Amino acid sequence: MLALELRAGRKDWTALAVLMLPVLLVAVDNTVLSFALPAISLAFSTTGTTLLWIIDIYPLVLAGLLVAMGGLGDRFGRRRMLMLGATGFAALSAAAAFAPNAEVLLAARAGLGVFGSMLMPATLSLIRNIFADRRQRRLAIAVWAAAFSAGAAVGPLVGGVLLEHFWWGSVFLLAVPVLAAMLVLTPLCVPESRDPNPAGVDVPSIALSVLTMLPVVYAVKNLANDGAPAVTAAAAGLGILAGWLFTRRQLSRPNPMLDVRLFRVRPFTGAVLVNLLAVFALVGFLYFVSQHLQLVLGLGPLDAGMVLLPGLAITVAAGFAVVPLVPRIPAHRAVSGALLLSAGAYWMVAAAGQGAPAGTLMAAFALLGAGVGASETLSNDLILAGVPAAKAGAASAVSETAYEVGSVFGTAVLGSILVSSYRQHIRLPAGLTPEQASAAGETLGGAINTAAALPAGTARALLESAFYAFDSGVAITAGIAAALMLAASALAWWALRPQAG
């Protein structure tokens, strides 16, 4: 009788469908900008570093606030946080769409990160409380993970369709009708839930969580961009110190914002790291493949998005396919194997060399999608299964923080390596003005912009050098990512094994 009472009914599955709207939207927003990047680069003539910050500021702010927003949702109500986040996200999406320059776009993206941090922990923690039955919850999490992975993968396709017919700002307006529908349906379909014994609002912990993230990512960017070593060391040191102080504060409080003791459990920590690394692989891949398809191979945004469509379908299918395999295959074997697929995808790109054809990239993304889809479903299930339902917001925040940190580092690390390699390999032809040389030496988009105003021979020499420099960077970046995914596979094999006793 108890088992029947625990099982979710039609209303609960309807609530899950409503919760997928913000999940899809935030995931799309993480990657749709990658395909709009060439158009933004051409429109604003931004530097490579500014382009990276336009992408990274959203998941960076989001990651810094997720733990805090998860705790606030536990205290004040997860559905309430969801509604507040949706309202702000829609308003700032419209502001980003009509940004007159790169600086305003950067500010709008930062604001989107604030409201996005209210959306994501709420969705996963509500799922944890709606689906009490473990098997049904695993399927619900597979739907959630599939929506997240699908959103991340469909972002370039959606971006391609919009950019084929509209200006770059249209990719942001996509959020407005989706969130309007969600604001109507959520009060009707989604039940409210909160922690009966919540932690208080801990402002110092919120500040420390943000101070842990921002300086570390800045240090990575500064190092990759050949910045001053002293600045890199100071930023990294500040982030590490803030992280240490945050941990000490959580351990000293009777009811902490985040129970860091959970990280003493090896499978929990392993699942969080797998979550991070899987998304690192996905977002890092999309960062450079979108530019290669459009700027190097000359595909239109829609055609470039279609190249990634098979990988999208496989990402979703893999997330569901792994659910019935869980009782038969231990989690550490399944996740380790999935990460090996991601490593294989990057090796394909690294081995393709200059001018990698679209077919190779299509196959590589399909392989990557299989690995990401399977590993995301399993890692999120392991994270949520390790905590009581009352603390679902905090656990969801940990899972989401891992996702967003992976997203930040996917572009911050791999993107910065790519930018640095491009700058080192490009050889500028004679006759360029200082302004032209600066723009062409920063990014591939800048080189294409500059070439349009040059004589035919000089333009051809510049483009050949720029394409060579970009693809050389892609090969280096893909090789590093492949090695990292091999290490992640070994980590999953060790960390996710069942503990004796």
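Our structure's up above, just so we're on the same page.
Keep in mind the model is a prediction, meaning the values are calculated, not measured. All residue numbers here refer to positions counted from 1 along the written sequence of the relevant chain. Reporting of local features is limited, given that this is a predicted model, to residues whose pLDDT is at least 70; pairs of side-chain atoms are given and counted only at 80 or more, and all residues count toward the totals for whole chains, interfaces and linings. Side-chain descriptors were evaluated using all non-hydrogen atoms of the structure, hydrogens and water having been removed beforehand.

Q: So what exactly am I meant to see when it comes to the overall build of the protein here?
A: In this description a helix means any DSSP run of H or I spanning at least four residues, a strand means any run of E spanning at least two, and both kinds are numbered starting from the N terminus. Per the secondary structure count, the protein includes 19 helices and zero strands. Note on exposure labels: buried denotes an accessible area under 20% of the residue type's maximum, exposed denotes more than 50%, and partly exposed covers the range between, all computed with a 1.4 Å probe on protein chains only. The 501 residues of the protein split such that 57% are buried.

Q: For this particular structure, what's the right way to read a nonpolar patch on the surface?
A: Residues forming no salt bridge and having over 30% relative accessible area are the ones grouped into patches, like charges within 9 Å of each other and nonpolar side chains (Val, Leu, Ile, Met, Phe, Trp, Tyr) within 5 Å. What sets the accessible areas is the Shrake-Rupley method with a 1.4 Å probe; for residues, cover comes only from the shown protein chains. When a carboxyl oxygen of Asp or Glu lies within 4 Å of a side-chain nitrogen of Lys or Arg, that pair is called a salt bridge. Taken together, Phe 76, Val 201 and Val 203 make up a surface patch of nonpolar side chains, about 260 Å² in accessible area. In this fold, Phe 76 is placed in helix 3 (residues 48–76).

Q: Even after reading the chapter, I still don't get the environment of Leu 444, so can you show me in this structure?
A: Position of Leu 444 relative to the elements: it lies in helix 18 (residues 444–451). Each C-alpha atom of the pair Leu 444 and Val 419 lies 9.2 Å from the other, and the pair is 25 residues apart in sequence. Note on contacts: a residue pair qualifies if any of its non-hydrogen atoms lie within 4.5 Å across the two residues. Setting aside its immediate chain neighbours within four residues, Leu 444 contacts Leu 295, Val 296, Tyr 422, Ala 466, Phe 467 and Phe 470.

Q: How should I be thinking about the packing of aromatic side chains in this particular structure?
A: Centre distance within 6.5 Å is the pairing criterion for rings of Phe, Tyr and Trp, where only the six-membered ring of Trp is used; planes under 30 degrees apart are then read as stacked, over 60 as edge-to-face, and the remainder as tilted. Per the counting criterion, the structure on display carries six aromatic pairs. Its end group placed over the ring of Trp 494, Arg 266 keeps NZ or CZ at 5.3 Å from the ring centre. For a ring to carry a charge above it, either NZ of a lysine or CZ of an arginine must fall within 6 Å of the ring centroid while also lying within 35 degrees of the normal to the ring plane.

Q: So what exactly am I meant to see when it comes to empty space enclosed by the protein here?
A: By rolling a water-sized probe across the atoms, one finds the places where empty space is left. In the cavity and pocket records, a cavity denotes points on a 1 Å grid over the protein atoms alone where a 1.4 Å probe fits but cannot get out, a pocket denotes an open set with protein on both sides within 12 Å along at least 5 of 7 lines, and lining residues are residues with an atom within 4 Å of a point. Grid points are joined across faces, edges and corners, and a volume is the space filled by probe spheres set on the points. Considering all chains together, one arrives at five cavities of 30 Å³ or more under this definition. Along the wall of the largest cavity there are 12 residues; nearest its centre are Tyr 287, Gln 291, Val 419, Thr 443 and Leu 444. Looking at the lining of the largest cavity, the elements with two or more residues in it are helix 3, helix 11 (266–296) and helix 16 (392–425). When residues of the lining of the largest cavity are assigned to their parent elements, the largest contribution, three residues, is made by helix 16. Of the residues in the lining of the largest cavity, the class split is eight nonpolar, three polar and one charged. Each residue gets one label: Ala, Val, Leu, Ile, Met, Phe, Trp, Tyr, Cys and Pro are nonpolar, Asp, Glu, Lys and Arg are charged, and the others, such as Gly, are polar.

Q: Any chance you could explain helix 4 (residues 78–97) here in plain terms?
A: Side chains of residues three or four places apart in an α-helix project in the same direction, reflecting 3.6 residues per turn. For a helix, the expected span equals 1.5 Å multiplied by the residue count minus one. When the terminal C-alpha atoms of helix 4 are compared, their 28 Å separation across 20 residues agrees well with the 28 Å that a helix rising 1.5 Å per residue should span. Among all positions of helix 4, only Arg 78, Met 81, Leu 82, Gly 85, Ala 86, Gly 88, Phe 89, Ala 90, Ser 93, Ala 96 and Ala 97 are buried.

Q: For this particular structure, what's the right way to read the packing of helix 11 against helix 14 (residues 331–352)?
A: If you want to describe how two helices pack, look at the angle between their axes and the distance between the axes. Orientation is described by lines fitted to C-alpha atoms, with helices fitted over the stretch in contact, and by angles between N-to-C directions that extend from 0 to 180 degrees. Between helix 11 and helix 14, the least distance of the axes is 11 Å, while the angle of their chain directions is 20 degrees. With respect to helix 14, the element helix 11 is oriented roughly parallel. In terms of crossing hand, the pair formed by helix 11 and helix 14 is left-handed. Contacts between helix 11 and helix 14 involve Val 274, Phe 280, Ala 281, Gly 284, Phe 285 and Phe 288 on the former and, on the latter, Val 335, Leu 339, Tyr 346 and Val 349. Each residue belonging to the contact of helix 11 with helix 14 can be placed in one class, and the counts come to nine nonpolar, one polar and no charged. Angles are sorted into four bins: roughly parallel if under 35 degrees, roughly antiparallel if over 145, roughly perpendicular if 65 to 115, and oblique for all others. Each crossing is labelled by how the near helix is turned from the far one, with a counterclockwise turn of less than a right angle marking it left-handed and a clockwise turn marking it right-handed.

Q: Help me out: how do you make sense of helix 8 (residues 175–189) in this one?
A: Along its 15 residues, helix 8 runs 20 Å from first to last C-alpha, staying within 8% of the 21 Å computed at 1.5 Å per residue. For helix 8, the set of buried residues is Ala 175, Leu 179, Met 182, Thr 186 and Cys 189.

Q: Where do I start with the packing of helix 17 (residues 434–442) against helix 18 in this structure?
A: One can describe the packing of helix 17 onto helix 18 by two numbers: an axis separation of 5 Å at closest approach and a directional angle of 140 degrees. Here helix 17 lies oblique to helix 18, going by the angle between them. Only Gly 446, Ala 447 and Thr 450 of helix 18 make contact with helix 17, whose side of the interface consists of Gln 436, Ala 439 and Ala 440. Counted by class, the contact of helix 17 with helix 18 contains three nonpolar, three polar and no charged residues.

Everything listed is a geometric property; what it means functionally is a separate question.
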